[in-house]
Amino acid sequence: MNTIRQIQELNKRELESAVSTEGSWHADYRDTAYIYIGGLPFDFTEGDVITVFSQFGEPVYINMVRDKETGKSKGFAFLKYEDQRSTDLAVDNLGGATVLGRVLRVDHTRYKRKEGEEEVDNTGWNPKGQGNGDVTEDEEDGGRRKKRRTESESEEERPLLKEEIELAKLVREHDDDDPMKAYMVKQKREEVEEALKKYMKSRNKESKHKHHSKRHRRDRSRDRERSDRRIKAESEEADSRRKERSRRDHSRDRDRRIKPESEELVARHRERSRRDHSRDRRIKRESEEPDSRRKEHSRRDRSRDRRRERSGSRDRRHRD
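Throughout, residues of each chain are indexed from 1 in the direction in which the sequence is written. Where local features are concerned, this predicted model is filtered to residues with pLDDT of at least 70; where side-chain atom pairs are given and counted, the filter is 80 or more; whole-chain, interface and lining totals use all residues. With hydrogens and water set aside, each side-chain value is computed from the structure's full complement of heavy atoms.

### Overview of the overall build of the protein
Helices and strands together make up the secondary structure of the protein, namely six helices and six strands. Each helix and strand of the protein, ordered N terminal to C terminal, gives the series α-β-α-β-β-α-β-β-β-α-α-α. Sorting the 320 residues of the protein into buried and exposed places 22% on the buried side. Sequence separation of at least 24 residues holds for 63% of the intrachain contacts in the protein that already meet a minimum separation of 6. A 1.4 Å probe and the Shrake-Rupley method give the accessible areas. Residues count as covered only by the protein chains that appear here. When the accessible area of the protein is evaluated, it comes to approximately 24900 Å², of which 46% is carbon and sulfur surface. The secondary structure listing takes helices from DSSP runs of H or I that are at least 4 residues long and strands from runs of E that are at least 2 residues long, numbered from the N terminus. For each residue, the accessible area found with a 1.4 Å probe, counting protein chains only, is set against the maximum for its type, and the residue is called buried under 20%, exposed over 50%, and partly exposed in between. In this description, contact between two residues means that some pair of their heavy atoms is separated by no more than 4.5 Å.

### Notes on the pattern of salt bridges
A pairing counts as a salt bridge when a side-chain nitrogen of Lys or Arg comes within 4 Å of a carboxyl oxygen of Asp or Glu. Scanning the model with the defined rule gives 17 salt bridges in all. The partner of Asp83 in a salt bridge is Arg85, with the nearest N and O atoms 2.9 Å apart. On the basis of relative accessibility, which here comes to 31%, the residue Asp83 falls in the partly exposed class. Arg85 gets classed as exposed once you look at its relative accessible area, which sits at 59%.

### A word on the nonpolar core
Grouping buried Ala, Val, Leu, Ile, Met, Phe, Trp, Tyr and Cys residues that are joined through side-chain atoms within 4.5 Å yields what is termed a nonpolar core. In this structure, Ile35, Leu40, Val49, Phe53 and Leu79 are the most contacted members of the largest nonpolar core, which totals 22 residues. Counting only elements with at least two residues in this core, the list comes to β1 (34-38), α2 (46-53), β2 (59-66), β3 (73-81) and α3 (85-94). Broken down by element, the residue count for this core peaks at four residues, all from α2. Ignoring anything within four residues of it in the chain, the contact list for Ile35 reads Phe53, Ala77, Phe78, Leu79, Tyr81, Thr87, Ala90, Val91, Val106, Asp107 and Thr109.

### Notes on unusual backbone geometry
For residues that are not glycine, phi is negative in most cases, and the peptide bond is trans in most cases. For Leu100, which is not glycine, the phi dihedral falls at a positive 55 degrees. Tracing the backbone shows Leu100 in the loop between β4 (98-99) and β5 (102-103).

### Here's the deal with the pairing of β3
Two strands make a pair as long as DSSP finds a minimum of two bridges between them. Sheet analysis places β1 next to β3, joined by five bridges and oriented antiparallel. Its bridge partner lying in β3, Gly38 is registered against Phe76. Relative to β3, β2 runs antiparallel, the two being bridged by six bridges. Looking at the pairing, Pro59 lines up with Tyr81 of β3. What sits between the antiparallel neighbours β2 and β3 is a turn of six residues, in which Gly71 has the positive phi angle 80 degrees.

### A short note on the packing of aromatic side chains
When two rings of Phe, Tyr or Trp (its six-membered ring) have centres within 6.5 Å they constitute a pair, described as stacked for plane angles under 30 degrees, edge-to-face for angles over 60, and tilted for the intermediate range. In the structure shown here, the tally under the stated rule is eight aromatic pairs. Their ring planes at 85 degrees and their centres at 6.4 Å tell us that Trp25 and Tyr29 sit as a pair that is edge-to-face. Exposure remark for Trp25: the relative accessible area of 13% places this residue in the buried category. In this structure Tyr29 comes out as partly exposed when scored by relative accessible area, which is 21%. Members of the aromatic cluster, joined through ring pairs, are Tyr34, Tyr36, Tyr61, Phe76, Phe78 and Tyr111.

### Concerning the confidence of the model for the protein
Scored from 0 to 100, pLDDT reflects the predictor's confidence in each residue. Here the protein averages 78 in pLDDT, while 82% of its residues score no lower than 70. Element-level pLDDT for the protein is lowest in helix α4 (residues 151-157), with a mean of 43, against a maximum mean of 94 in β1. Counted against residues more than four places away or in other chains, residues 125-156, with its pLDDT under 50, gives 41 contacts.

### A short note on a nonpolar patch on the surface
Surface patches are drawn from residues lacking salt bridges whose relative accessible area is over 30%; two like charges belong together within 9 Å, two nonpolar side chains (Val, Leu, Ile, Met, Phe, Trp, Tyr) within 5 Å. Residues Met180, Tyr183 and Met184 make up a contiguous nonpolar surface patch of about 290 Å² in total accessible area. Looking at where Met180 falls in the secondary structure, it is placed in the loop between α5 (162-173) and α6 (181-319).

### Things to note about helix α1 (residues 2-17)
By this rule the span expected of a helix is its residue count minus one, scaled by 1.5 Å. If you check α1, its first and last C-alpha atoms are 22 Å apart, about what 16 residues at 1.5 Å a residue would give, namely 22 Å. Where the residues of α1 are buried, they touch α3, β5 and β6 (105-108). Once α1 finishes, Ala18 follows within two positions and takes phi at roughly 55 degrees, a positive value.

### What to know about the sheet that holds β3
Pairing between the strands of a sheet comes from backbone hydrogen bonds, and it takes one of two forms, parallel or antiparallel. Reading across from one edge, β2-β3-β1-β6 is the order of the four strands in this open sheet, with antiparallel pairing throughout. At either margin of the open sheet sits one strand with a lone partner, and together these are β2 and β6. Each adjacent strand pair in this sheet contributes to an overall mean axis angle of 20 degrees, direction not counted. For helices, the fitted axis covers only the stretch in contact; all axes are lines through C-alpha atoms, and the angles between them, taken along N-to-C directions, range from 0 to 180 degrees. Where α3 meets the sheet, it contacts β1, β3 and β6, and its direction lies at approximately 150 degrees from that of β6.

Take a look at the structure:
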């Protein structure tokens, strides 16, 4: 969706700025006539894609990517036009279009063919109505199309049976004047039919065995992946438990180590506070003692002065 918005924004800017064809961002892809098509409905066939995209040009090659095991479409494809200018129209007009509830994403691409992949017209599209009789059936395998094998081709690939060789030798070498030749040929043909049935039956068994073996390998691979995921999850859980246990032990050891230290600090603080308090009381007492002495001396001096005054007054009275 971000790519679609970016392309639409680029086109909008070019329209507003009246950018020429040579200055357009499409000019960067003049060397390729391929486009990437994403967001395709999964039940779309190659013919459906060609029908939709042929309105902007003539497609000459299509590679709809399919699953190798199921043969189902993965929802994206690569398409080549006969004229490169058709790619600009397809990108501008079909990018962001909704088809069967899915939003198409169309963009330029530089498609690289796989090794051994021939770039031939595999679309079966003939605008002149002449048809394409060479291609009888499409089989997708990694984006490549193959011609359907005819029965004669399959027979040529199958090795000749011993009965078939004997039948050919009988027809070719036996004397035509022998009245038993027709009967012998008939018997030999029945033997050939029986041999062919046995051969086809054995080949079907082999194909079933291969399919079963492939499915068994796939199941074993899936079970192994599940086992690996389970073992990984268990190991991660064990690691998390071990880390949590280590963290708790570390926290407990730290608390055990900090508690005596804190108690010792509290005791030291209390002892220091007690000493400071005792010192303060001693200093206060020492500071208060000279004051009391001074007061005592002053009191004594005043008492002595009063006595002297009284004695003086008595003496004056006696003299009077």
